[in-house]
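Below are the chains, spelled out letter by letter.
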Number of protein chains: 2
Amino acid sequence: MNKQRIEIYDTTLRDGEQAAGVSFSLVGKLRIARRLDEFGIDVIEGGYAASNPKDMEFFRRLREEGLSHARLAAFGSTRRAHTAASEDRGLQALIEAQTPVCTIFGKSWLLHVREVLCTTEDENLAMIRDSVRFLKEQGREVIYDAEHFYDGYRDDPGYALKTLKAAEEGGADRLVLCDTNGGSLPEEIHAVTEAVAEACTTPLGVHAHNDAELGVANSLAGVRAGATHVQGTINGIGERCGNANLVSIAPALFYKMGCDCLCGEASLRHLKSLARFMWEEANMRPYPKAPYVGDDAFAHKAGMHVDGVRKVPASFEHIEPEKVGAQRRVLISELSGASNVFLKAVEMGIDVDRKSPEVREVLKQLEKLEREGYEYESADASFQMLIKKVLKSHKTFFDLEAFRVMVEKRSKSEPCMSEATVKVNVGGETEFTVGEGDGPVDALNQALRKALMRFYPSIADVVLKDYRVRILDPEEATAARTRVLIESGDGRRVWGTVGVSENIIEASWEALVDSVEYKLFLEEESGPEGGGGA
Amino acid sequence: MNKQRIEIYDTTLRDGEQAAGVSFSLVGKLRIARRLDEFGIDVIEGGYAASNPKDMEFFRRLREEGLSHARLAAFGSTRRAHTAASEDRGLQALIEAQTPVCTIFGKSWLLHVREVLCTTEDENLAMIRDSVRFLKEQGREVIYDAEHFYDGYRDDPGYALKTLKAAEEGGADRLVLCDTNGGSLPEEIHAVTEAVAEACTTPLGVHAHNDAELGVANSLAGVRAGATHVQGTINGIGERCGNANLVSIAPALFYKMGCDCLCGEASLRHLKSLARFMWEEANMRPYPKAPYVGDDAFAHKAGMHVDGVRKVPASFEHIEPEKVGAQRRVLISELSGASNVFLKAVEMGIDVDRKSPEVREVLKQLEKLEREGYEYESADASFQMLIKKVLKSHKTFFDLEAFRVMVEKRSKSEPCMSEATVKVNVGGETEFTVGEGDGPVDALNQALRKALMRFYPSIADVVLKDYRVRILDPEEATAARTRVLIESGDGRRVWGTVGVSENIIEASWEALVDSVEYKLFLEEESGPEGGGGA
């Protein structure tokens, strides 16, 4: 069968950077471009050519470096009204960027022509035609982005088509239909794209946004109706609700629609890694529920589902996680059964029988603890400590003798002071320390670390990364149980622990202790490198 | 024109709770059910009937309370193989739940029948038929969820249809086609749903998941092909990548597809507020890029867009933000906020000019506080106190001189002790008291009440009803800011207050003080007997 070849066009570096809170440095942009090239993106839109020195420098650097196969595009717009294309500053800047591809956008919607551009229907057509022709004459590949195409077509199909014809007359290599406001429905995208495919001979593209949570669906609808070029961003980064998410579009095209893409099977195995890289570069928190690449995407919680997945993976997974570089994860929870515990033990490298009394004992304890409010989905380290305790392989690194926390406000205008003392026993020796912090838990953490540091220097590497508090049974308000979840890291690994008590300080203490003990276990397992000890 | 009426079925409390990290308390579930009812959801699935005491208690409580228009559904499965329906524990539990609607799922996919259920094709059909019939005979409305329907149909359309026919023969009121693994494409959903609509006479529903980022599109494709019932969750909360997101589906059905929904125009104006409420209840961080309801959904950054929006709002917005209870964010939006502050002041009976410097001053303070992490959505009382303070009508009921909180653990086996002292000045008199409690905040609350009781006996009526904690900027872990939300009540009214600090104790103190002061204001305004106020 002759597979349809789809060209993937990434605009993370231009439209993606419009997102609230996203701003790439020059070095970051270069790093991203190399990574996109390596992944198998066909065209990389690097930024605005006009009035942006950072982007111009970016184009210059990449020109020197070269890319292994991707074509680089500079972005701009059609010429200003009543100006010759050759005199237009924006078009000149596009030429100066010296990229093989120039992408320019123009107006398709009469509302915009009249109210925003404040010009005539005919002048707008001339602006499109002249600008494309000018860039073609300079030897560039020209991609024409028809802004607001679907809205414009809804308003006046005849005029919207005329704008595309103008670009076609200018010699455009691609006509890209944009759903700029992101509000169209897939069936509209399909119908309009199909109509355009009949009227034009130039290859079509689709550029969607996610304002109606339909960015991916609209992109796929465009392809199904004949588009052979798809624009989007990694992780759907972009203004408002984001651009169409290439991370979800690429595997759908390749694995679900049977299309051929430069980023095919081998590339898609790095999809999760690419997504994580981009979150990092954009300084965004990885989104756990992201399709294909989020940490929850292949996480199974319900006992029945886990049982099913164990029997036949396809039974609750729409694609093998390995195909997109992800892994199946089993969540431990109230709704789980013996198979969850067993799978987790296997994952930890502990050799137990699925029907052994130990597994049943872990399950019994788990049920009791969960009834008390413990929750292990985000506290994998605490769960591992629980398994170790039941399997009798738990070693005590230190014993608490006492702690005290004090928070004091001495006057209305002064901030609170927090102070904590901790008394622990390590191998027969008592250590008594005091710490202070921004709050009671911070103070307690400081004091505990100080007490243990002498015996276990590797404790110095542990950093608290996240701290979450939830009040259970809130009808009893402050007298109710408190669950504390702590996320810790040591630069190499990240782990979660949990504590529950009627007292928030005690719950925090429990989670802190689990975190520290888990770190000491890791050190012990991986050799004495990091810590001596008693 | 006769609009198609679509029934909205919410399963946040059941399928939504499968999400990693989501676990609702009984009180939380009741609060959510009331809110969904108020919003205009047609059917609310409350949880599992079998083997879950929390859910059974939930059904009992709601039966006593009643809902204003929504029908409540209990969830379960078809009977076990080779067991009479009347003997089946799960089906019995569904009857014991005493809900008007019972929803049961059954297998449509032969792979599952054989490998997971380990039974025969015929027995599976009998299980479906018998179970539906049994529940119908007990007078229930029965919704049949055909698990993995689209995968099953792809595998063996004949058998998949037979399972629906079995449910139809049993007397099912709805046949709901589930894309359980969330991997189907909209055109597949459309084609299969259309084929089923031709083969069956029972009204159809669609239940989609978001694993391919197509949950919303697939739900809409189902409706376009003839489904009149849509299942999903608020904010798309759910296992793996989540369920189909009702928050995006409802406005698309109503505003873009011209369907009629119980949650129509008036309800949709509360869409953003509903979404925020649910994030809070699920203890999830609000997702700024969420379509329609995220803080970025109508935020404009690009200079050109801002200019366009100013000239013609529709030019860069696919829907008016007000229709979904959202607001455009362009610059630091003084004008949009001013009318809110003004409306609130009017609501409070305070006479101010809309353009007065006071209103502008409240706005300025509000912006500053929100930047620091304050949030007034659930803290109306604190917002009113802020207005009163700026409008100089704030009366000081008491002044804090100092407080101290101490939490002590004397040995590993003893529980923590919590003690607090509070020194306040009331009209020149100093009161110095001590209290103890289950935790530091409880102790502080006890001491504060003791200090004020002599001067303001009505304080005795105030009860803390809920206490919520959220850590902001979690990267800085325990040194990060903490937001505390407190819900208080006095038997007649319920009000919310907020406090923010790097120190959880200080944030709690702030919220406690606002709560107490608000109560004293209410008393003053309405007299000791009155029932006025918010």
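Reading the values: rules and limits
Residues numbered from 1 in each chain as written. Chains lettered and ligands numbered in written order. Predicted model: local features only at pLDDT ≥ 70, side-chain atom pairs only at ≥ 80, totals over all residues. Helix = DSSP H or I, 4+ residues; strand = E, 2+ residues; numbered from the N terminus. Contact = placed C-beta atoms within 7 Å. Nonpolar A, V, L, I, M, F, W, Y, C, P; charged D, E, K, R; others polar. Pairing = 2+ DSSP bridges. Domains from an automatic or database assignment. Axes fitted to C-alpha atoms, helices over the stretch in contact; angles between N-to-C directions. Parallel < 35°, antiparallel > 145°, perpendicular 65-115°, else oblique. Buried ≥ 20, exposed ≤ 12 C-beta atoms within 10 Å, placed from the backbone. Arc of directions from axis to C-beta. Core = buried A, V, L, I, M, F, W, Y, C linked by C-beta atoms within 7 Å. pLDDT = per-residue confidence, 0-100. Left-handed = near helix turned anticlockwise from the far one by under 90°.

> What should I look at first to understand the overall build of chain A in this one?
Looking only at helices and strands, chain A has 18 helices and 17 strands in total. For chain A, the C-alpha atoms occupy an extent of roughly 90 × 60 × 50 Å along the three principal directions. Sequence separation of 24 or more characterises 67% of the internal contacts of chain A that already satisfy a separation of 6 or more.

> Explain the interface of chain A and chain B to me, please; I cannot follow it from the model alone.
Size of an interface: often given as the accessible area lost when the parts come together. Counting residues at the interface gives 96 residues for chain A, matched by 93 residues for chain B. A per-element tally of the side of chain A that touches chain B places strand E12 (residues 399–409) of chain A first, with 11 residues. Among the residues making up the side of chain A that touches chain B, the classes are represented as 41 nonpolar, 22 polar and 33 charged. Sheet topology places E12 of chain A next to strand E10 (residues 399–409) of chain B; seven bridges connect them, and they run antiparallel. Bridging across to E10 of chain B, Lys 409 of chain A finds its partner in Phe 403 of chain B.

> In this structure, what is going on with the domain arrangement of chain A? I would like to understand it.
Residues and elements named next belong to chain A. If you check the domain split of chain A, you get domain 1 (8–263), domain 2 (358–397 + 460–534) and domain 3 (399–455). Put simply, the middle of domain 2 and the middle of domain 3, counted by C-alpha atoms, are 19 Å apart. With 11 residues of domain 2 at the contact, the number on the domain 3 side is 13 residues. Mapped onto the side of domain 2 that touches domain 3, the elements with two or more residues apiece are strand E15 (463–471) and helix H18 (504–525). A total of five residues in the side of domain 2 that touches domain 3 trace back to one element, the largest contributor, which is H18. The residue inventory of the side of domain 2 that touches domain 3, partitioned by class, reads eight nonpolar, three polar and no charged.

> Whenever I open this one, the sheet that holds strand E14 (residues 482–489) of chain B confuses me. Can you help?
Sheets are built from strands paired through backbone hydrogen bonds, the pairs being either parallel or antiparallel. All names here are of chain B. The sheet built from three strands is open, its strands ordered E13-E14-E15 with antiparallel pairing. Looking at the sheet topology across the chains shown, the edges are occupied by strand E13 (463–471) and strand E15 (494–501). In this sheet, neighbouring strand axes are inclined to one another by 15° on average, regardless of whether the strands run parallel or antiparallel. Here eight bridges tie E14 to E15, and the two strands are oriented antiparallel to one another. Bridge assignment links Ser 488 to a residue of E15, and that residue is Trp 495.

> What's the story with the packing of helix H16 (residues 380–390) of chain A against H18 of chain A in this structure? I'm lost.
Packed helix pairs are specified by the crossing angle of their axes together with the interaxial distance, meaning the distance between the axes. Residues and elements named next belong to chain A. Here H16 crosses H18 at 70°, and the two axes come no closer than 9 Å. In terms of axis orientation, H16 runs roughly perpendicular to H18. Where H16 abuts H18, its residues Ala 381, Ser 382 and Met 385 lie against Asp 514, Ser 515, Glu 517 and Tyr 518. Grouping the constituent residues of the contact of H16 with H18 by class yields three nonpolar, two polar and two charged.

> Before we go on, may I ask you to explain helix H3 (residues 89–96) of chain A in this structure?
For an α-helix, the turn length of 3.6 residues means that residues three or four places apart are oriented alike. All names here are of chain A. Those residues of H3 lying buried are Gly 90, Leu 91 and Leu 94. When H3 is viewed along its axis, its buried side chains cluster within an angular range of 100° and face the same direction. Against strand E3 (71–77), strand E4 (101–107) and helix H5 (121–137) lie the buried residues of H3.

> Explanation requested: the nonpolar core in the structure shown.
When a protein is soluble and globular, its nonpolar side chains tend to lie buried together. Counting 204 residues, the largest nonpolar core has Tyr 144, Leu 177 and Ala 250 of chain A together with Tyr 144, Leu 177 and Ala 250 of chain B as its most contacted members. Setting aside its immediate chain neighbours within four residues, Ala 250 of chain A contacts Ile 8, Cys 261, Cys 263 and Leu 268 of chain A. Core analysis: the next-biggest nonpolar cluster, separate from the first, contains 104 residues, Leu 448, Ala 480 and Val 498 of chain A together with Tyr 467 of chain B among them.

> I tried to follow the sheet that holds strand E17 (residues 494–501) of chain A on my own but got confused; where do I start?
Residues and elements named next belong to chain A. The three strands are arranged E15-E16-E17 in an open sheet whose pairing can be described as antiparallel. The open sheet terminates on both sides in strands that have one partner only, identified here as E15 and E17. Adjacent strand axes in the sheet meet at a mean angle of 15°, parallel and antiparallel pairs treated alike. Bridge analysis of E15 against strand E16 (residues 482–489) gives eight bridges, and the strand direction is antiparallel. Residue Arg 470 lies in a different strand from E16, and its bridge partner there is Arg 483.

> What is the right way to read the pairing of strand E13 (residues 417–426) of chain A from this model?
Side-chain positions along a regular strand alternate between the two faces of the sheet. Residues and elements named next belong to chain A. Note: E12 against E13, nine bridges, orientation antiparallel. Across the sheet, Met 406 pairs through a bridge with Glu 419, a residue of E13. In this structure, E13 lies alongside strand E14 (residues 429–437), joined through nine bridges in antiparallel fashion. For Ala 420, the partnering residue across the bridge sits in E14 and is Gly 435.

> Sorry if this is basic, but what is going on with the environment of Pro 440 of chain B here?
Structurally, Pro 440 of chain B can be placed in helix H17 (residues 440–453). Under the C-beta neighbour-count criterion, Pro 440 of chain B is labelled buried, with 26 such atoms within 10 Å. Measuring from C-alpha to C-alpha, the distance between Pro 440 of chain B and Ile 505 of chain B comes to 7.5 Å, with 65 residues separating the pair along the chain. Contact partners of Pro 440 of chain B, with chain neighbours within four places excluded, come to Ile 504 and Ile 505 of chain A together with Val 405, Val 407, Ser 418, Ala 420 and Ile 505 of chain B.

> How do you make sense of the confidence of the model for chain A when you look at a structure like this?
In regions of low pLDDT, the predicted coordinates are not meant to be interpreted in detail. All names here are of chain A. Per-residue pLDDT for chain A has a mean of 88; in total, 92% of the residues score no lower than 70. Overall, residues 528–534 carries pLDDT values under 50, and its contacts beyond four positions in sequence, including any with other chains, amount to 11 contacts. Both scores are given for the predicted complex: the pTM is 0.73, the ipTM 0.74.

> I would appreciate a short explanation of the environment of Val 390 of chain B in the present structure.
Within the secondary structure, Val 390 of chain B is located in helix H16 (residues 380–390). Dropping the residues within four chain positions of it, Val 390 of chain B is found in contact with Glu 358, Glu 361, Val 362 and Gln 365 of chain B.

> Would you explain unusual backbone geometry in this entry?
As a rule of thumb, non-glycine residues mostly have phi less than zero, and peptide bonds are mostly trans rather than cis. A positive phi angle is found at Asn 235 of chain A, which is not glycine, with a value near 65°. Relative to the helices and strands, Asn 235 of chain A resides in the loop between strand E8 (229–232) and helix H10 (246–256). The class of Asn 235 of chain A is buried, set by 29 C-beta atoms lying within 10 Å. The backbone of His 148 of chain B shows a phi angle near 55°, a positive value even though the residue is not glycine. Relative to the helices and strands, His 148 of chain B resides in the loop between strand E5 (141–147) and helix H6 (149–155). Among the residues examined, His 148 of chain B registers 26 C-beta atoms within 10 Å and is labelled buried.

> What's the story with the packing of helix H8 (residues 186–199) of chain A against helix H9 (residues 215–224) of chain A in this structure? I'm lost.
All names here are of chain A. Interaxial distance between H8 and H9 falls to 8 Å at its minimum, and their mutual angle equals 25°. Considering the angle they form, H8 stands roughly parallel to H9. The chirality of how H8 crosses H9 is right-handed. Taking contact as the criterion, the partners of Pro 186, Ile 189, His 190 and Thr 193 in H8 are, on H9, Ala 217, Asn 218, Ala 221, Gly 222 and Arg 224. Class assignment for the residues of the contact of H8 with H9 results in four nonpolar, four polar and one charged.

> Help me out: how do you make sense of the environment of Arg 224 of chain B in this one?
Mapped onto the secondary structure, Arg 224 of chain B falls in helix H9 (residues 215–224). Given 19 C-beta atoms within 10 Å, Arg 224 of chain B falls into the partly exposed group. The spacing of Arg 224 of chain B and Trp 509 of chain B is 285 residues in sequence and 53 Å in space, taken between C-alpha atoms. Among residues more than four places away in sequence, those in contact with Arg 224 of chain B are Glu 187 of chain A together with His 190 of chain B.

> So what exactly am I meant to see when it comes to the pairing of E14 of chain B here?
Taking burial as the measure, the eight residues of E14 of chain B include seven buried ones, the bulk of the element. Connecting E14 of chain B to the next strand, E15 of chain B, in antiparallel fashion are four residues, including Gly 491 of chain B with a positive phi near 95°.

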